[in-house]
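# Descriptive analysis of the structure
Listed below are the residues making up each chain.
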Amino acid sequence: MKTSDFNYNLPEELIAQVPIADRSSSRLMVVDKKSGEVEHKIFKDIIDYLEEGDCLVLNDTRVIPARLIGSKVETGGKIEFLLLKRNEDDTWETLVKPGRKAKIGSEFTFGDDKLIAKVVGMGDDGSRIVKFKYDGIFEEILDELGNMPLPPYITEKLEDRERYQTVYSKHSGSAAAPTAGLHFTEDLLEEIRKKGVDEAFVTLHVGLGTFRPVKVDDVLEHKMHSEYFIVNQEAADKINKAKKNGKKVICVGTTSCRTIESASEEDGTLKAKSGWTEIFIYPGYDFKIMDNLITNFHLPESTLIMLVSALSSKENILNAYEEAVKERYRFFSFGDAMFLK
């Protein structure tokens, strides 16, 4: 299986730069995962595809303002940090630009010395392991000094930080938003609840590795970055109940999918569990829990388009993407949605 098999042509002007005014008014492409048949809807129409007793699985992670702009203590040269992952010893795995300035032992300052960073190690992929010095509460300082870590294909300024959060975000820790959830409003979720659809909240702190292009020719040689996830007992019980009753488990986003598939047993039950996952889902994968998926349109040759293809087929998904380009859907983080029914 070649990485190039998952390529498609995308005109640059179809990459959404800003979120639309009403989250639930984005477009929704409904794709039959077996036949590949396509319907064109509005996102709030998703309720028509959900039935009483179904379970909607949502990732309640919250994006931290992980982009820091500062300077090198020695020279005053400008530096940009992107916080990827907090380690157990309170160091951070960090991307640094320009990397040549960030040798082990180098120190950097942010916000008039409110935050001092020292490089204490190197990651396998060119990242830096950083230890921070500060007075007070780290999260509050980061909230004051940090910027939202928007993907590089978004060049417009984000006016409202909350538009890069889901309305149900709760647990801080992500370097990127679980973007399929950005389409839901409180009103739409309330309507879905009234219909008798259950909702299960899981947590996966999204790392940037999820969105990076695959750089090897052979898909099987790609190694995923690890991400921390939590499935609590309440979520496991709700999802297992839906499965037991023959109802559908619908994941909102690839991160919710990867979370429950990471905590699944071979017999198709879900365990309450937490830990690190490097699960890589591509065509040929046997889904243990998920039945249907709500997702955005993903980058060519990414692990995410491979995951979506695994639930349907590569041919169906690439045909749907070709149709989305023809119909001028909006792509990526602030773009439109797809439902694999």
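Residues numbered from 1 in each chain as written. Predicted model: local features only at pLDDT ≥ 70, side-chain atom pairs only at ≥ 80, totals over all residues. Heavy atoms only, no water.

Looking at an unreviewed UniProt entry, the protein carries the name S-adenosylmethionine:tRNA ribosyltransferase-isomerase, with the source organism given as Peptostreptococcus russellii. You can read under Sequence similarities (unreviewed entry) in the UniProt record for the protein the words "Belongs to the QueA family." Under the heading Subcellular location (unreviewed entry), UniProt records this for the protein: "Cytoplasm". (UniProt positions renumbered as here; feature names shortened; annotations may be inferred.)

### Overview of the overall build of the protein
Each helix and strand in the protein was counted, giving 6 helices and 17 strands. Its C-alpha atoms give the protein a radius of gyration of 20 Å, near enough to 20 Å, the size a compact globule of 341 residues would have. For the protein, the spread of C-alpha atoms along the three principal axes comes to 60 × 45 × 40 Å. Sorting the 341 residues of the protein into buried and exposed places 54% on the buried side. Of the contacts formed within the protein by residues at least 6 apart in sequence, a portion of 70% connects residues at least 24 apart. Approximately 15,500 Å² of the protein is accessible, and the part contributed by carbon and sulfur atoms is 47%. Both charge centroids of the protein, one from 47 positive and one from 58 negative side chains, sit 2 Å from each other. (Helix = DSSP H or I, 4+ residues; strand = E, 2+ residues; numbered from the N terminus. Rg over C-alpha atoms; globule rule 2.2 N^0.38 Å. Buried < 20%, exposed > 50% of the residue type's maximum accessible area, 1.4 Å probe, protein only. Contact = heavy atoms within 4.5 Å. Areas by Shrake-Rupley, 256 points an atom, 1.4 Å probe, with all protein chains shown as cover. Lys, Arg positive; Asp, Glu negative; His and termini not counted. Charge placed at Lys NZ, Arg CZ, Asp CG, Glu CD.)

### Section: the domain arrangement of the protein
When its domains are assigned, the protein resolves into domain 1 (3–63 + 160–340) and domain 2 (67–147). For domain 1 and domain 2, the distance between their C-alpha centroids amounts to 31 Å. Of the residues lining the interface, 7 residues belong to domain 1; the matching set on domain 2 comes to 11 residues. Here domain 1 and domain 2 share an interface that buries about 690 Å² over both sides, 44% of which is from carbon and sulfur atoms. Put simply, domain 1 and domain 2 have 1 salt bridge between them. (Domains from an automatic or database assignment. Buried area = accessible area lost by both parts, 1.4 Å probe. Salt bridge = Lys/Arg side-chain N within 4 Å of Asp/Glu carboxyl O.)

### Some words on the pairing of strand β6 (residues 78–86)
For β6, the tally of buried residues reaches 7 of 9 residues, placing the bulk of the element in the interior. Here strand β5 (residues 67–72) runs beside β6; their pairing, made up of 5 bridges, is antiparallel. Each residue of the ladder has a partner; that of serine 71, found in β6, is lysine 78. The turn linking β5 back onto β6 is made up of 5 residues, and glycine 76 within it adopts a positive phi angle of 80°. (Pairing = 2+ DSSP bridges.)

### Focus on the nonpolar core
The nonpolar side chains of a soluble globular protein tend to be buried, and buried together. Core analysis: the biggest nonpolar cluster contains 87 residues, and Phe81, Phe132, Ile260, Phe331 and Met338 have the highest contact counts within it. Looking at which domains feed residues into this core, each of domain 1 (3–63 + 160–340) and domain 2 (67–147) supplies at least three. Setting aside residues no more than four positions away along its own chain, phenylalanine 331 makes contact with Tyr8, Leu10, Leu14, Ile15, Ala16, Phe297, Tyr321, Ala324 and Val325. Counting 21 residues, the second largest nonpolar core, distinct from the first, contains Tyr49, Leu50, Leu188 and Ile294. (Core = buried A, V, L, I, M, F, W, Y, C linked by side-chain atoms within 4.5 Å.)

### Focus: the pattern of salt bridges
Scanning the model with the defined rule gives 23 salt bridges in all. Connected through salt bridges with shared partners, the residues Glu51, Asp54 and Lys248 form a single ionic network.

### Comments concerning the pairing of strand β2 (residues 38–42)
Where strand β1 (residues 27–31) and β2 come together, 5 bridges link them in antiparallel fashion. Residue pairing in the sheet places methionine 29 in a bridge with histidine 40 of β2.

### Some details on the packing of helix α4 (residues 254–262) against helix α5 (residues 303–311)
When two helices pack together, you describe them by how their axes are tilted relative to each other and by the distance separating the axes. Between α4 and α5, the least distance of the axes is 11 Å, while the angle of their chain directions is 65°. Taken together, the axes of α4 and α5 lie roughly perpendicular to each other. α4 and α5 meet at a crossing whose hand is left-handed. Of α5, the residues touching α4 (which contributes Thr254, Cys257 and Arg258) are Leu304, Leu307 and Val308. Considered class by class, the residues forming the contact of α4 with α5 number 4 nonpolar, 1 polar and 1 charged. (Axes fitted to C-alpha atoms, helices over the stretch in contact; angles between N-to-C directions. Parallel < 35°, antiparallel > 145°, perpendicular 65-115°, else oblique. Left-handed = near helix turned anticlockwise from the far one by under 90°. Nonpolar A, V, L, I, M, F, W, Y, C, P; charged D, E, K, R; others polar.)

### Points about the state of the cysteines
Per the counting criterion, the structure on display carries 0 disulfides. In this structure cysteine 55 is a free cysteine whose sulfur lies 8.8 Å from that of cysteine 251, the closest cysteine sulfur available. Of all cysteine sulfurs in the structure, the one in cysteine 257 sits closest to cysteine 251, which takes part in no disulfide; the separation is 5.3 Å. Residue class for cysteine 251 comes out buried when judged on its relative accessible area of 0%. (Disulfide = S-S within 2.5 Å.)

### Notes on unusual backbone geometry
At the junction of lysine 97 and proline 98, the peptide bond is cis and its omega measures out at -10° in the coordinates. Structurally, proline 98 is set in the loop between β7 (92–97) and β8 (107–110). With a phi angle near 70°, aspartate 113 is a residue other than glycine that sits in the positive phi range. If you trace the backbone, aspartate 113 turns up in the loop between β8 and β9 (115–122). A residue is classified by how much of its surface remains accessible, and aspartate 113, at 52% relative accessible area, is exposed. A positive phi is found at phenylalanine 332, a non-glycine position, where the angle reads about 75°.

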